[in-house]
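Observations on the model geometry
Given next are the chains, with one letter for each unit.
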Amino acid sequence: MQSIWPLTDKQRPARRFIDTVAHTLRLVPGFCNICGGLTIFNVKHPNFREHANCVRCKSVNRQRQIAAALLSCVEGDGTMTRLTSSLYSLPAGLVIWNAETTRALHTRLKQHPGIHYIASDFVDARHASGERVGEVLHVDMQHTHFEDNSIDFILSSDVLEHVPFFEVALKETYRVLKPGGCHIFTAPFYHHRFTNEIRAAQTDDGSIIYNRRAWYHDDPLRPEGVLTYTVFAPELLCQLERTGFEARLLRLHSPWHGIYGQNGLVIVARKALPPNHARDWIFSDPA
Ligand SMILES: [Zn+2]
């Protein structure tokens, strides 16, 4: 008798072996899909998701996962990128909103001459979305200032778990995406349970109810860290589909691109194209 959940993962021992070898070697050659060149990945830290830095651009594994998913959408196969694909391969004219204003992925996208790039952060609830606070564009993902059907790709790397009403945020990203556009994101994700863990909830008066010990993540804008409201699980995929998205959960592992570890999970939520719409650069449905 065999349990079908969690899903059987026959490649896990092979991935684990590759990760162990990389961690033992520490400095491993490969190709960085963010800075677009041959590089060395520094795999000295056992937290593969947050490290394995590219020595050229300092990007970490998680950022390259987002870049790999973005490139796979643009290049059409929807699964993994070509060996030498990088953000330099992005076609001109794309409108990309990244909910991050620091680090390597942001730095590279900002330099791309052909794309319309918007970078934002959540600064403080006293500001309105679209307001500049110093150098930073403040955007609340729950209530943005973007127009309907105006963005090709939304990128958020470990942001959604910090949004008090994440389902409101998903409705908002759905609204502002162009048909066929994708919200590509990472977030903490449980493999062993079906339902999201609501660790904290915000009430109508703005106070916070804690269901679990308060859990803060590092944040470049806040020394005290940022509160985690939700840890996601497969329930999130159902919630995305109820919002109108076609949702995919990708597991990425590509040592060549410095993508190591057992939890290289990226969610690609695509706003469905209208019926009879001609296919364009957005990835086609899986065979
Ligand atoms: Zn790099």
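Throughout this description, residue numbers start from 1 for each chain and increase along the sequence as written. Totals for whole chains, interfaces and linings use all residues, but because this is a predicted model, local features are given only for residues with pLDDT of at least 70 and pairs of side-chain atoms are given and counted only at 80 or more. Remark: hydrogens and water are excluded; side-chain values derive from all non-hydrogen atoms of the structure.

What about the coordination of the zinc ion?
Cut-off, in case you're wondering: Here the term donor refers to an N, O or S atom within 2.8 Å of the metal (or 3.2 Å for Na, K and Ca), and because water is left out of the atoms, sites may appear incomplete. Between 85 and 135 degrees for all angles marks four donors as tetrahedral; over 155 degrees for opposite donors together with 65 to 115 for all other angles marks four donors as square planar and six as octahedral; every other arrangement is irregular. Every helix listed is a DSSP run of H or I at least four residues long, and every strand listed is a run of E at least two residues long, numbered separately from the N terminus.
Distances from the zinc ion to its protein donors, Cys 32 (SG), Cys 35 (SG), Cys 54 (SG) and Cys 57 (SG), fall at 2.3 Å. Relative to the metal, the four donor atoms surrounding the zinc ion lie at angles of 103 to 114 degrees, and the coordination shape comes out tetrahedral. Along the chain, the residues that donate to the zinc ion are spaced as C-x2-C-x18-C-x2-C. Separated by 25 residues along the polypeptide, Cys 32 in strand β1 (residues 27-32) and Cys 57 in the loop between β3 (53-54) and α2 (61-75) bring together distant segments of the chain.

Considering the nonpolar core
Stated formally: Each nonpolar core is a collection of buried residues, namely Ala, Val, Leu, Ile, Met, Phe, Trp, Tyr and Cys, held together in the definition by side-chain atoms within 4.5 Å. Using a 1.4 Å probe on the protein chains alone, a residue whose accessible area is under 20% of its type maximum counts as buried, one over 50% counts as exposed, and one in between counts as partly exposed. Should any heavy atoms of two residues lie within 4.5 Å, those residues are considered in contact.
The biggest cluster of nonpolar side chains holds 38 residues, and the ones touching the most others in it are Leu 70, Leu 90, Ile 96, Leu 109, Phe 153 and Ile 184. Those elements that place two or more of their residues in this core are β1, α2, α3 (103-111), β5 (116-119), β8 (151-157), β9 (177-186) and β17 (265-271). Residue contributions to this core peak at eight residues, all from α2. If we ignore the near neighbours within four places in the chain, the residues touching Leu 90 are Leu 70, Leu 71, Val 74, Ile 96, Leu 109 and His 112. In this structure, Ala 99, Leu 137, Ile 151 and Leu 240 belong to the second largest nonpolar core, which totals 28 residues.

Digging into the packing of aromatic side chains
In plain terms, the rule: Pairing of aromatic side chains requires ring centres within 6.5 Å, counting the rings of Phe and Tyr and the six-membered ring of Trp. Pairs whose planes differ by under 30 degrees are stacked, by over 60 edge-to-face, and all others tilted. Counting as a charge over the ring demands two things of the Lys NZ or Arg CZ atom: a distance within 6 Å of the ring centre and an angle within 35 degrees of the ring normal.
In total, this model carries five aromatic pairs according to the counting rule given. Centroid distance Tyr 174 to Phe 245: 5.1 Å. Interplanar angle 90 degrees. Geometry classified as edge-to-face. In this pair, Tyr 174 sits in helix α4 (residues 166-176) while Phe 245 sits in strand β16 (residues 245-251), placing the two residues 71 residues apart along the sequence. One residue, Arg 108, lies across the ring of Tyr 88, its end atom 3.5 Å from the ring centre.

Focus on the packing of α4 against helix α5 (residues 235-243)
Heads up, the condition is: Angles here are taken between N-to-C directions and fall from 0 to 180 degrees, while the axes themselves are lines fitted to C-alpha atoms, restricted in helices to the stretch in contact. Any angle that falls under 35 degrees is termed roughly parallel, while one over 145 is termed roughly antiparallel, one within 65 to 115 roughly perpendicular, and all others oblique. In this scheme, a crossing is called left-handed if the near helix is turned counterclockwise away from the far one by less than a right angle; it is called right-handed if the turn is clockwise. Residue classes follow a fixed rule: Ala, Val, Leu, Ile, Met, Phe, Trp, Tyr, Cys and Pro count as nonpolar, while Asp, Glu, Lys and Arg count as charged, and any other residue, Gly among them, counts as polar.
Where α4 meets α5, the closest approach of the two axes is 10 Å, and the angle between their N-to-C directions is 45 degrees. By the angle between their axes, α4 is oblique relative to α5. The element α4 and its partner α5 pack so that their crossing is right-handed. Of α5, the residues touching α4 (which contributes Phe 166, Glu 167, Leu 170, Lys 171 and Tyr 174) are Leu 236, Gln 239, Leu 240 and Thr 243. Here the residues of the contact of α4 with α5 sort into five nonpolar, two polar and two charged.

Focus: the pattern of salt bridges
Convention followed: Take a side-chain nitrogen of Lys or Arg and a carboxyl oxygen of Asp or Glu: if they are within 4 Å of each other, that pair is a salt bridge.
All told, the structure shown has 13 salt bridges when counted by the stated rule. Linking Arg 62 and Glu 50 is a salt bridge whose minimum nitrogen-to-oxygen distance equals 2.8 Å. With Arg 62 in helix α2 and Glu 50 in the loop between β2 (37-42) and β3, the pair connects residues that are twelve residues apart, well separated along the chain. Overall, the relative accessible area of 9% leaves Arg 62 in the buried class. In this structure, the salt-bridge partner of Glu 246 is Arg 270, at a minimum N-O distance of 2.4 Å. Of this pair, Glu 246 sits in strand β16 while Arg 270 sits in strand β17; the two residues are 24 residues apart in sequence, bridging distant segments of the chain. Arg 270 sits in the buried class, given a relative accessible area of 2%. Connected via shared salt-bridge partners are Arg 49, Glu 50, Arg 62 and Asp 158.

Thoughts on the side chain of His 217
The cut-off we apply is this: Two N or O atoms count as a polar contact when they lie within 3.5 Å, although within protein this holds only if one can serve as hydrogen donor and the other as acceptor, and sequence-adjacent residues are included solely when both atoms are side-chain atoms.
Examined against the element boundaries, His 217 turns out to sit in strand β13 (residues 216-219). A polar side-chain atom of His 217 sits 3.3 Å from a polar atom in the side chain of His 162. Apart from the residues within four sequence positions on either side, His 217 is in contact with Glu 161, His 162, Pro 188, Gly 225, Val 226 and Thr 228.

What about a nonpolar patch on the surface?
How we decide: Residues qualify for a patch when their relative accessible area is over 30% and they have no salt bridge, like charges being joined within 9 Å and the nonpolar side chains of Val, Leu, Ile, Met, Phe, Trp and Tyr within 5 Å. Only the protein chains shown count as cover for residues, and all accessible areas are computed by the Shrake-Rupley method using a 1.4 Å probe.
On the surface, Phe 17, Ile 18, Val 21 and Leu 25 cluster together into a nonpolar patch covering about 380 Å² of accessible area. Tracing the chain through its elements places Ile 18 in helix α1 (residues 12-25). The class of Ile 18 is partly exposed, set by a relative accessible area of 34%.

Interpretation note: all reported values are geometric properties and have no functional meaning in isolation.
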